[in-house]
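Secondary and tertiary structure notes
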Amino acid sequence: MARNLILSGGLFHDFDATSAALAQVLADVGVESEITEDITGALSEPSEYQLITVNALRWQAKGFMLPAQARTTLLDHLDKGGGLLCMHAASICFDDWQGWPRVLGACWNWGKSHHPPLGWTSVRVLGGHPIVEGLRDFDLVDEVYSDLDVLPDVQPLASSLGQPLVWARPVRRGRLVYDALGHDVRSYDNEVHHTLLKRAALWLLKRPLVLGD
């Protein structure tokens, strides 16, 4: 069974609930998750996990700084071929680290980024990757992060309201998936979203994907 470290916690979201919901989804594909709010402590030494997940809202305006050792741990994890799953507010996190947007593929820009009110939205599946192959468009309750600063090489796998929401990319020797969905547990009620997340975990772990599920 693969081990996953979920870095959780922060403001404006029920991270306890969403991290637990995500852990339950990933357990269906043999991923055992450990959840912690001690991001600095968890990243204070080399990772023994195959997968690290960022489901948090920690940024410097609220007094959080990501130590150099934590940055090194994340980059070493990727150098060793590990997977990094980043959810929702991960694009706002770690803004004291100039390299984080290059890892994630995007970042929140406080001068222009925003989101419509939380509510029902239609997600368009764009195809072109095994994570979304054969999946249909779906509706769910969530926030649509809009006008992020997205790197030009990012190829969206799903979008809503014309905004890229999900992508997958190689980083160093590892892999990264960003899923901008996941504001609260209602985002995890949709079965297509479940399937997307399970496939994302398998792709990040470099395991065969089960298509047609």
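Predicted model only: the values in this text are computed from it and were never measured.

Concerning the pairing of strand E4 (residues 83–87)
Burial runs high along E4: 5 of the 5 residues are buried. Judged by which residues are buried, E4 turns out to be covered on both faces: Gly83, Leu85 and Met87 on one side and Leu84 and Cys86 on the other are all buried. One ladder, built from 4 bridges, connects strand E3 (residues 51–57) with E4; its direction is parallel. From the neighbouring strand, Leu51 faces E4, where its bridge partner is Gly83. A crossover links E3 with its parallel partner E4, the connecting element being helix H3 (residues 68–79), and its sense is right-handed.

Quick look at unusual backbone geometry
Even without glycine at this site, His88 takes up a positive phi of about 45°. Relative to the helices and strands, His88 resides in the loop between E4 and helix H4 (100–104). Since its relative accessible area comes to 1%, His88 is described here as buried. A positive phi angle, near 55°, is found at Arg172, a position not held by glycine. Relative to the helices and strands, Arg172 is located in the loop between strand E10 (163–171) and strand E11 (174–179).

Here we look at the UniProt feature "domain: ThuA-like" (unreviewed entry) in the chain
UniProt's entry tags residues 5–203 with the feature "domain: ThuA-like" (unreviewed entry), counted in the numbering of this structure. Helix makes up 24% of residues 5–203 and strand 30%, with an end-to-end C-alpha separation of 16 Å.

Details of the pattern of salt bridges
For the coordinates displayed, the defined rule picks out 5 salt bridges. Here Arg71 makes a salt bridge to Asp96, at a shortest N to O gap of 2.9 Å. Placement of Arg71 in helix H3 and of Asp96 in the loop between E4 and H4 is noted, with a sequence separation of 25 residues between them. Across the pair Asp153 and Arg169 runs a salt bridge whose closest N-O atoms are separated by 3.1 Å. Placement of Asp153 in the loop between strand E8 (149–150) and strand E9 (156–160) and of Arg169 in strand E10 is noted, with a sequence separation of 16 residues between them. A residue is classified by how much of its surface remains accessible, and Arg169, at 9% relative accessible area, is buried.

Points about the side chain of His129
Within the secondary structure, His129 sits in the loop between strand E6 (119–125) and strand E7 (138–142). If we ignore the near neighbours within four places in the chain, the residues touching His129 are Leu157, Ala168 and Trp203.

Brief notes about the nonpolar core
Residues Leu84, Trp100 and Tyr178 are the most contacted members of the largest nonpolar core, which totals 71 residues. Residues within four places of Leu84 in sequence aside, it is in contact with Leu51, Ile52, Val54, Leu74, Leu78, Trp100, Val103, Arg175, Leu176, Val177 and Leu204.

What to know about H3
With 12 residues, H3 extends 16 Å from end C-alpha to end C-alpha; this agrees with the ideal 16 Å at 1.5 Å per step. For H3, the full list of buried residues reads Ala70, Thr73, Leu74, Leu75, His77 and Leu78. On its buried side, H3 packs onto E3, E4, H4, E10 and E11.

Notes on the packing of aromatic side chains
Counted under the stated rule, the structure contains 7 aromatic pairs. Considering the side-chain rings of Trp167 and Tyr178, the 5.0 Å spacing of their centres and the 50° angle between planes classify their relative orientation as tilted. Here Tyr178 lies in strand E11 and Trp167 lies in strand E10, a separation of 11 residues in the sequence. Site record: aromatic cluster; members linked through ring pairs are Trp59, Trp108, Trp110 and Tyr145. Above the ring of Tyr49, the side-chain terminus of Arg3 is found at 4.4 Å from the ring centroid.

Cut-offs and rules
Residues numbered from 1 in each chain as written. Predicted model: local features only at pLDDT ≥ 70, side-chain atom pairs only at ≥ 80, totals over all residues. Heavy atoms only, no water. Buried < 20%, exposed > 50% of the residue type's maximum accessible area, 1.4 Å probe, protein only. Helix = DSSP H or I, 4+ residues; strand = E, 2+ residues; numbered from the N terminus. Pairing = 2+ DSSP bridges. Right-handed = clockwise from strand over helix to strand, strands pointing away. UniProt positions renumbered as here; feature names shortened; annotations may be inferred. Salt bridge = Lys/Arg side-chain N within 4 Å of Asp/Glu carboxyl O. Contact = heavy atoms within 4.5 Å. Core = buried A, V, L, I, M, F, W, Y, C linked by side-chain atoms within 4.5 Å. Expected span 1.5 Å × (residues − 1). Phe/Tyr/Trp six-rings, centres within 6.5 Å; stacked < 30°, edge-to-face > 60°. Lys NZ or Arg CZ within 6 Å of the ring centre and 35° of its normal.

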